[in-house]
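Residue-level structure breakdown
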Amino acid sequence: MKKRIYADHAATTKLSDKALEAMMPFLQEAYQNPSTLYASARHVKRAIAEARAIIAESIGANPKEIIFTSGGTESDNWAIKGIAWRQLLKKQIVTTAFEHHAILNSCRLIQDVSGRVTYILPNNKGMIEEKSLLSALQQDTSLVSVMLVNNEIGTIQRIRELSEVAHNKGALFHTDAVQAVGHIPVNVETLGVDLLSASAHKFNGPKGIGFLYLRDGIELDPYINGGGQEGGQRSGTENVVGIVGMAAALKENVDMLEDNMKQLAELECLFINKLKTCEADYLINGGDNRISGNVSVSFKGLDGEAILHRMDLKGIEIATGSACDSRDTQISHVLTAIGLPEEYAKGTVRISLGAENTKEEVDVIVTQLIQIVESMNENR
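Residues numbered from 1 in each chain as written. Predicted model: local features only at pLDDT ≥ 70, side-chain atom pairs only at ≥ 80, totals over all residues. Heavy atoms only, no water.

**Section: the overall build of the chain**
If you tally the helices and strands in the chain, you get 14 helices and twelve strands. Dimensions of the chain, computed from the C-alpha atoms along their principal axes, are close to 70 × 55 × 35 Å. Across the 380 residues that make up the chain, the buried fraction comes to 55%. Partitioning the intrachain contacts of the chain with sequence separation of at least 6 by distance along the chain shows that 73% fall at a separation of at least 24. Carbon and sulfur atoms provide 50% of the accessible area of the chain, an area that totals close to 17,200 Å². Charged side chains in the chain number 38 positive and 48 negative. The centres of these two groups are separated by 2 Å. (Helix = DSSP H or I, 4+ residues; strand = E, 2+ residues; numbered from the N terminus. Buried < 20%, exposed > 50% of the residue type's maximum accessible area, 1.4 Å probe, protein only. Contact = heavy atoms within 4.5 Å. Areas by Shrake-Rupley, 256 points an atom, 1.4 Å probe, with all protein chains shown as cover. Lys, Arg positive; Asp, Glu negative; His and termini not counted. Charge placed at Lys NZ, Arg CZ, Asp CG, Glu CD.)

See below:
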């Protein structure tokens, strides 16, 4: 079988060899429940503590501020609902119109049970402006949630500036950093955030594990009640194998961060430079302040899903938008939020490159994409 080219790293990433190696002992040998008191369980409990310390160091946090979850979706849900329940739904939540659905649907639930949510629109470059946030804040705003890197168009927000605006009005600040952690420098002190969500499978860790950063001193209602694990915040026997795999993957990516960022910038440059030879009418979304390697491109008058399927037949795997919304064929809410004209929005595909992609693969991707798009235009 001909080797396929994977260019959908924003959806998920391959488990790294180092992560797998770290996980293996906890699948069969070190299987004990970390909450038990006998000697053989101490190694397992220590592994969780070491993983927590590694993850905390990677984002500039204290280990006690890291709570393990099942992934980014759970972390987002907990951040929104935990603050809302704590405030008894009496205070406003402010978020953006182009967040991940884990945030948007959590906010809609809060609205359904009498909470108040305000949605800010980004500008046409995908940026949330400080003045827009300031005008949305009210005296009783409890929480602001703005994603660090957009999962569809890759825009990087000015989180530090936005969090300062929120804090000056007495509101807490959460960021969905699922697309950022392990890919760009992330430091919770520099960003000034109170809560942060991350997911291991986005940075070469296993699926089904993530974490929520909760700044020390902030109270959040427990997500799951039971035996009191995770400091009483999230009960249930810990996913030890996932936790150690996540820590190993994150440390590896952080250690290689500068090299990986440089490589992805070079690969994206190759892609965009060759795309410029395409005779089709297209737009690249997300403005200039984007994470390297994530390219959302919209072809006027074409069908993005049709482009995806033709690329798939060529052995190239890309996306039309967010894989988390794969059943929804309507125009992406992200593209709607930035005001992209429908004639372009329908023809959108996302190419998200990873560190394991090569220059040769990128050349194949963009060559095939141009051929497919120009052929579709000729046959219209």
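**Some details on a nonpolar patch on the surface**
On the surface, Leu20, Met24 and Leu27 cluster together to form a nonpolar patch covering roughly 280 Å² of accessible area. Among the secondary structure elements, Met24 is positioned in the loop between helix H1 (17-23) and helix H2 (25-28). (Patch = residues over 30% accessible without salt bridge, like charges linked within 9 Å, V, L, I, M, F, W, Y side chains within 5 Å. Salt bridge = Lys/Arg side-chain N within 4 Å of Asp/Glu carboxyl O.)

**Comments concerning unusual backbone geometry**
For Asn204, which is not glycine, the phi torsion reads 70° and is therefore positive. Along the chain, the position of Asn204 falls in the loop between strand S7 (195-199) and strand S8 (210-214). A relative accessible area of 16% means that Asn204 is categorised as buried. With phi around 55°, Glu230 is a residue other than glycine that occupies positive phi space. Looking at where Glu230 falls in the secondary structure, it is placed in the loop between S8 and helix H9 (240-255).

**Comments concerning the pairing of strand S4 (residues 116-120)**
The pairing of strand S3 (residues 92-96) with S4 spans five bridges and is classified as parallel. Across the sheet, the residue bridging to Thr96 is Ile120, located in S4. With respect to chirality, the unit in which S3 leads through helix H5 (residues 101-112) into the neighbouring parallel S4 is right-handed. (Pairing = 2+ DSSP bridges. Right-handed = clockwise from strand over helix to strand, strands pointing away.)

**So, the pairing of strand S10 (residues 294-299)**
Counting buried positions over the six residues of S10 gives six, a clear majority of the element. The side-chain alternation of S10 yields two buried faces, one formed by Asn294, Ser296 and Ser298 and the other by Val295, Val297 and Phe299. Bridging between strand S9 (residues 282-284) and S10 involves three bridges; their strand directions are antiparallel. The residue of S10 that forms the bridge with Leu283 is Ser298. As defined by bridge partners, S10 adjoins strand S12 (residues 348-352) across five bridges and the pair is classed as antiparallel. Across the sheet, the residue bridging to Val297 is Val349, located in S12.

**Quick look at the environment of Ser106**
Structurally, Ser106 can be placed in helix H5. The exposure class assigned to Ser106 is buried, which follows from its relative accessible area of 1%. Between the C-alpha atoms of Ser106 and Lys81, which are 25 residues apart in sequence, the distance is 6.8 Å. Apart from the residues lying within four places of it in its own chain, the contact partners of Ser106 are Asn77, Ile80, Lys81 and His101. Of the polar contacts made by the side chain of Ser106, one reaches the backbone oxygen of Ala102; its length is 2.7 Å. (Polar contact = N/O pair within 3.5 Å; in protein donor to acceptor, adjacent residues only side chain to side chain.)

**As for the sheet that holds S9**
Strand pairing within a sheet occurs via backbone hydrogen bonds; the two strands may be parallel or antiparallel. Within the open sheet, the three strands sit side by side as S9-S10-S12. Their pairing is antiparallel. The open sheet has two edge strands with one neighbour each: S9 and S12. Put simply, the sheet's adjacent strands are angled 20° from each other on average, direction ignored. On the sheet, helix H10 (residues 257-275) packs against S9, S10 and S12 and is oriented at approximately 15° with respect to S10. (Axes fitted to C-alpha atoms, helices over the stretch in contact; angles between N-to-C directions.)

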